[in-house]
Structures are given as C-alpha cells and as structure tokens.
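Examining the three-dimensional arrangement
What follows is each chain in one-letter form.
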Amino acid sequence: MGDSASYIRMVHHLIEECIIFNMSKEECMEALSKHANIKPVITSTVWKELEKENKEFFEAYTKRREDRSACEMETKQRIQNMVSESSKRDTQD
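Residues numbered from 1 in each chain as written. Predicted model: local features only at pLDDT ≥ 70, side-chain atom pairs only at ≥ 80, totals over all residues. Heavy atoms only, no water.

The full count for this structure, using the stated rule, is 4 aromatic pairs. Three or more aromatic residues joined by ring pairs form one cluster here, namely W47, F57, F58 and Y61. (Phe/Tyr/Trp six-rings, centres within 6.5 Å; stacked < 30°, edge-to-face > 60°.)

Right under this line is the structure:
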C-alpha cells in the first residue's frame, strides 16, 4: 500500500506543477501521459479528489483561466484589427 500512496503523492505533486503552468485538467492529463507515462484516468481521478478537497481554490483557478483566455482572445483580436488597419493604409499610400 505504501507504494500506491507514494505514487498518488507524486501524481498530486505533478498536478500542482501543471497548475503552476496554468494548465487545464485536460492539458495536465495529456502532459503527464506524454512526459511521465501516467495514465490519464489516474491524473483525472487525483485531480477530481483535489477539486473536492480544495473546492474554493479550483473555482477561483477555473475562473482565472477563463478570464485570462478571454483577455488573450481580446488582445489577439485587437492586434489583428491593428494589422488589418495598417495594411489598408499601406495599400492606400
């Protein structure tokens, strides 16, 4: 039993690293599968348990990720608009 407990602690630690890099649960599952050979079902199960134990944190984390995503999309749109306007002016000159 000691081995499985230490394995779960390791997965827990790796999930925390994913959170530091602002990854979603799905991104974390993919990264741990690819780089640490951890089955996605294991990552998902540990993540769900962490969500249960730290409900407020994960609610705030999810909201922060959504807000950041919306902000990034808005920034991309503004950049595209600026490039488009600049191109229009260049062709008019």
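To continue, consider the pattern of salt bridges. Side-chain pairing between opposite charges can occur once the charged atoms of the two side chains come close. Across all of its chains, the model carries 4 salt bridges by this definition. Put simply, K52 and E49 hold a salt bridge, and the shortest N to O gap is 3.2 Å. Of this pair, K52 and E49 both sit in helix 3 (residues 40–53), 3 residues apart, roughly one helical turn. With a relative accessible area of 35%, E49 lands in the partly exposed category. Between K63 and D67 there is a salt bridge; the shortest N-O distance is 3.1 Å. Here K63 and its partner D67 are both found in helix 4 (residues 55–92), 4 residues apart, which amounts to about one turn of the helix. D67 sits in the partly exposed class, given a relative accessible area of 42%. (Salt bridge = Lys/Arg side-chain N within 4 Å of Asp/Glu carboxyl O. Helix = DSSP H or I, 4+ residues; strand = E, 2+ residues; numbered from the N terminus. Buried < 20%, exposed > 50% of the residue type's maximum accessible area, 1.4 Å probe, protein only.)

Another point: the packing of helix 2 (residues 25–36) against helix 3. The geometry of a pair of packed helices is captured by two quantities: the angle between their axes and the separation between those axes. Running from N to C, helix 2 and helix 3 point in directions that differ by 135°, and their axes come no closer than 9 Å. It follows that helix 2 is oblique to helix 3 by the angle criterion. Handedness of the helix 2/helix 3 crossing: right-handed. Facing helix 2, whose interface residues are K25, C28, M29, L32 and S33, helix 3 presents P40, T43, S44, W47 and K48. Looking at the contact of helix 2 with helix 3 residue by residue, the classes come out as 5 nonpolar, 3 polar and 2 charged. (Axes fitted to C-alpha atoms, helices over the stretch in contact; angles between N-to-C directions. Parallel < 35°, antiparallel > 145°, perpendicular 65-115°, else oblique. Left-handed = near helix turned anticlockwise from the far one by under 90°. Contact = heavy atoms within 4.5 Å. Nonpolar A, V, L, I, M, F, W, Y, C, P; charged D, E, K, R; others polar.)

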